[in-house]
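A look at the structure
Residue strings, one per chain:
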Amino acid sequence: MQVQFRKPDMERDLRPLFLMMTDDDQYLFSTRVLCNTERDFSSWLADRLRGDFHDFYVITASNAPTPIGFAYDYDFSLQDGHCKLCVYVSKEYRTIGLGGIAAVSFMDLLFNTYPIRKVYSTIYEYNQQSLQSNLRFGFTKEGTLEKFRYHNGQYHNLHYLSLSRQQFEKVRSKFMRR
């Protein structure tokens, strides 16, 4: 199954994005979406698309009837040569490797589109699957914010990971077919 990225079409994508971004596993990523209705979410997302998110894509896959996820970069700085990224794939597509394929494809898009030198990812310690996947891929742990988020009755650390353009070039071919 192949993944594709496209700009969101709010008429057809609002509902699937709302459901993904407010799903019960929304706690896995660092952007908090505190919207209870699609109308509130529509305003929230429009604000983020105008300001916080530099690039935002809906992720689709062949044979999937609706979008399977989304990807965006934020804190984008050409001057400093870096950005942070978030790639989210719905639960049912994670176990077949589409999350990894989407993440590598998104980083490939970013490195080929912009002269950035590094991408960052922030991952909570309770999201061990994502943390371990990123470290296995080649991300380097650069720092930890101790007890940063309160979730399920306890505080959790937030890990800052990075991947340089050179590191990406070394490992990309293992995960992408060109």
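Below: a short report on this structure. All figures in this text were calculated on a predicted structure; none of them were measured in a lab. (Residues numbered from 1 in each chain as written. Predicted model: local features only at pLDDT ≥ 70, side-chain atom pairs only at ≥ 80, totals over all residues. Heavy atoms only, no water.)

**A look at the environment of Tyr120**
Inclusion rule: In this text, helices come from DSSP runs of H or I with a minimum length of four residues, and strands from runs of E with a minimum of two, each type numbered from the N-terminal end. It only takes one pair of heavy atoms within 4.5 Å for two residues to be counted as in contact.
Mapped onto the elements of the fold, Tyr120 is located in strand β5 (residues 118–124). With 112 residues separating them along the chain, Tyr120 and Pro8 place their C-alpha atoms 23 Å apart. Apart from the residues within four sequence positions on either side, Tyr120 is in contact with His82, Cys83, Lys84, Leu85, Glu142, Leu161 and Ser162.

**Regarding the packing of aromatic side chains**
To keep it simple, the criterion reads: Each Phe, Tyr or Trp ring, with Trp reduced to its six-membered ring, pairs with another whose centre is within 6.5 Å; inter-plane angles below 30 degrees give stacked pairs, above 60 give edge-to-face pairs, and intermediate values give tilted ones. Residue exposure (1.4 Å probe, protein chains only): buried if accessible area is under 20% of the type maximum, exposed if over 50%, otherwise partly exposed.
Following the criterion strictly, the structure yields 18 aromatic pairs and no others. Where Tyr57 meets Phe106, the ring centres are 6.1 Å apart and the plane angle is 70°; that geometry is what we call edge-to-face. Taken together, the residues span a long stretch of sequence, with Tyr57 in strand β2 (residues 53–61) and Phe106 in helix α4 (residues 98–113) at a distance of 49 residues. Take Tyr57 and Phe106: they sit in the same class, and that class is buried. Between the aromatic rings of Phe76 and Tyr114, the centroid separation amounts to 4.8 Å while the plane-to-plane angle is 65°, which identifies the pairing as edge-to-face.

**So, the nonpolar core**
For clarity, the threshold we go by: For the purposes of this section, nonpolar cores are sets of buried Ala, Val, Leu, Ile, Met, Phe, Trp, Tyr and Cys residues that join through side-chain atoms within 4.5 Å.
Counting residues in each nonpolar core, the largest one holds 29 residues, and the members touching the most others are Ile68, Met107, Leu110, Val119 and Phe137. Secondary-structure elements contributing two or more residues to this core are β2, β4 (82–89), α4, β5, α5 (128–137), β7 (154–164) and α6 (165–175). Among the elements that line this core, the one with the most residues is α4, at 7 residues. Apart from the residues within four sequence positions on either side, Val119 is in contact with Cys83, Leu85, Met107, Leu110, Phe111, Phe139, Leu161, Ser162 and Leu163. Within the second largest apolar cluster, 18 residues are counted, among which are Phe18, Trp44, Leu45 and Cys86.

**So, the pattern of salt bridges**
To keep things clear, this is the line we draw: Salt bridge, as used here: a side-chain nitrogen of Lys or Arg that lies within 4 Å of a carboxyl oxygen of Asp or Glu.
One pass over the structure, following the stated rule, counts 10 salt bridges. Note that Arg15 and Glu38 form a salt bridge whose closest N and O atoms lie 2.4 Å from each other. Linking Arg15 in helix α1 (residues 10–21) with Glu38 in helix α2 (residues 38–50), this pair joins segments that are 23 residues apart in sequence. Across the pair Lys118 and Glu142 runs a salt bridge whose closest N-O atoms are separated by 2.9 Å. On the criterion of sequence distance, the pair formed by Lys118 in strand β5 and Glu142 in strand β6 (residues 140–151) is long-range, its members being 24 residues apart. Look at Lys118 and you get buried, because its relative accessible area is 16%. Among the residues examined, Glu142 registers a relative accessible area of 44% and is labelled partly exposed. Connected through shared salt-bridge partners, Asp108, Glu169 and Arg172 make up one network.

**Notes on the pairing of β7**
To keep it simple, the criterion reads: A strand pair is defined by DSSP finding two or more bridges across the two strands.
With 8 of 11 residues buried, β7 is to be regarded as a mostly interior element. Across 7 bridges, β5 lies against β7 in antiparallel orientation. From the neighbouring strand, Thr122 faces β7, where its bridge partner is Tyr160. Pairing analysis gives 8 bridges linking β6 to β7, with the strands arranged antiparallel. If you follow Leu145 over to β7, its bridge partner there is Leu158.

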